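This is what each chain is made of:
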Amino acid sequence: MACKVTGTAFITGAASGIGKATALKFAEQGITSLALLDVNLAQLEGTRDELRNTFPNVETEIMQVDVTNELSVDEAIRKTVSRFGRIDIAVNSAGISGTLAKTHELSLQEWQKVIDINQTGLWLCQRGVIQQMLTQESRGVREGRGVIINLSSMYGIAAPPANFGIIPYTAAKHAVVGITRLDAKTYGKDGIRINAICPGYVDTPIIRAGIESGSMNSEFEKTPLGRPADPEEIADSILYLASPMSSFVCGTALVVDGGYTL
């Protein structure tokens, strides 16, 4: 069986990084319609234009959405279903790293911003997508009513170095794994398969300055593969979790970190 995907995909955080790479990978591997969400409309338009130029037969709907806004999220899901009929795959990849500070230095406002986006925002998207998928006919034992992939982190299963100061990010990414596991148990019987992906260091805007300055080199040296991932490499793993190739994978937190957490 080939690692192909079909139907409609709904992707948050699609303007850049892993979300954008996943949209392009899905279009390459069989998706015919894409609903792309991000708070950054200008970058999102760039993703749409690249998709149109490379995959002109793929229908694309872009929406400027703040995932912390319940009404905005629910309206995006309604709009997606209105245009495409259903949601077959959802990828919740919107997130931020937040202010770098240790717990005793961090304000409640800075803590809450990261939790609101990375944890509550993901849950709001997952809730809305599950509500929709429960109304859909199953596409068979391999594809079911739908698939959800949540973006956690290797710091969703392990603690970062003490000097990193990313306590709300670490807390939220651990929470993503917990949300994924419980909802996978709850909705697996309904034909909705939910998994998380836990990337290591990825060459995205979040760490690109550190890559270019060399300040991240010591961290890459801790990784057996000795380098950061390309976003497409993470998208390949998301493709696997979204495809019928992983039809018996449910509730996992797939670590794709080049061996960093071994």
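- You'll find the chain entered in an unreviewed UniProt entry as Short chain dehydrogenase/reductase family oxidoreductase, with Aspergillus caelatus given as the organism.
- According to the UniProt record, the Sequence similarities (unreviewed entry) comment for the chain reads "Belongs to the short-chain dehydrogenases/reductases (SDR) family."

1. Let's talk about the nonpolar core
- Core analysis: the largest hydrophobic core is formed by 32 residues, its most contacted members being Phe26, Leu34, Leu36, Ile89 and Ile149.
- Dropping the residues within four chain positions of it, leucine 34 is found in contact with Ala9, Ile11, Ala23, Phe26, Ala27, Leu51, Val58, Glu59, Thr60, Glu61 and Phe84.
- Grouped together as the second largest cluster of nonpolar side chains are 23 residues, Val73, Phe84, Ile87 and Ile194 included.

2. Focus: the UniProt feature "coiled-coil region" (unreviewed entry) in the chain
- Under the UniProt annotation, the feature "coiled-coil region" (unreviewed entry) is placed at residues 34-61.
- Spanning residues 34-61, this segment combines 50% helix with 29% strand, and its end C-alpha atoms are found 6 Å apart.

3. Considering the pattern of salt bridges
- Under the criterion given, the structure shown has 17 salt bridges.
- Ionic pairing is found between lysine 25 and glutamate 28, a salt bridge with its closest N-O pair at 3.7 Å. Separated by three residues within a single helix, lysine 25 and glutamate 28 lie in helix α1 (residues 17-28), roughly one turn from each other.
- Overall, lysine 25 belongs to the buried group, its relative accessible area being 7%.
- When its relative accessible area of 41% is taken as the criterion, glutamate 28 is described as partly exposed.
- We note a salt bridge from arginine 48 to aspartate 49, for which the minimum N-O separation is 3.4 Å.
- Residue classification places aspartate 49 among the partly exposed positions, given a relative accessible area of 34%.
- Connected via shared salt-bridge partners are Lys25, Glu28, Glu232 and Asp236.

4. Some words on the pairing of strand β2 (residues 33-38)
- With six of its six residues buried, β2 lies for the most part within the structure.
- The alternating pattern of β2 places Ser33, Ala35 and Leu37 on one face and Leu34, Leu36 and Asp38 on the opposite face, and all of these are buried.
- The pairing of strand β1 (residues 8-12) with β2 spans five bridges and is parallel. Across the sheet, the residue bridging to isoleucine 11 is leucine 36, located in β2.
- Each parallel crossover has a hand, and the one from β1 via α1 to β2 is right-handed.
- Bridge count between β2 and strand β3 (residues 59-64): six bridges; the pairing is parallel. Directly across from leucine 37, in β3, lies its bridge partner methionine 63.
- Taken together, β2, helix α2 (residues 41-54) and β3 form a β-α-β motif whose crossover is right-handed.

Each value, and the rule that gives it
- Residues numbered from 1 in each chain as written.
- Predicted model: local features only at pLDDT ≥ 70, side-chain atom pairs only at ≥ 80, totals over all residues.
- Heavy atoms only, no water.
- UniProt positions renumbered as here; feature names shortened; annotations may be inferred.
- Core = buried A, V, L, I, M, F, W, Y, C linked by side-chain atoms within 4.5 Å.
- Buried < 20%, exposed > 50% of the residue type's maximum accessible area, 1.4 Å probe, protein only.
- Contact = heavy atoms within 4.5 Å.
- Helix = DSSP H or I, 4+ residues; strand = E, 2+ residues; numbered from the N terminus.
- Salt bridge = Lys/Arg side-chain N within 4 Å of Asp/Glu carboxyl O.
- Pairing = 2+ DSSP bridges.
- Right-handed = clockwise from strand over helix to strand, strands pointing away.

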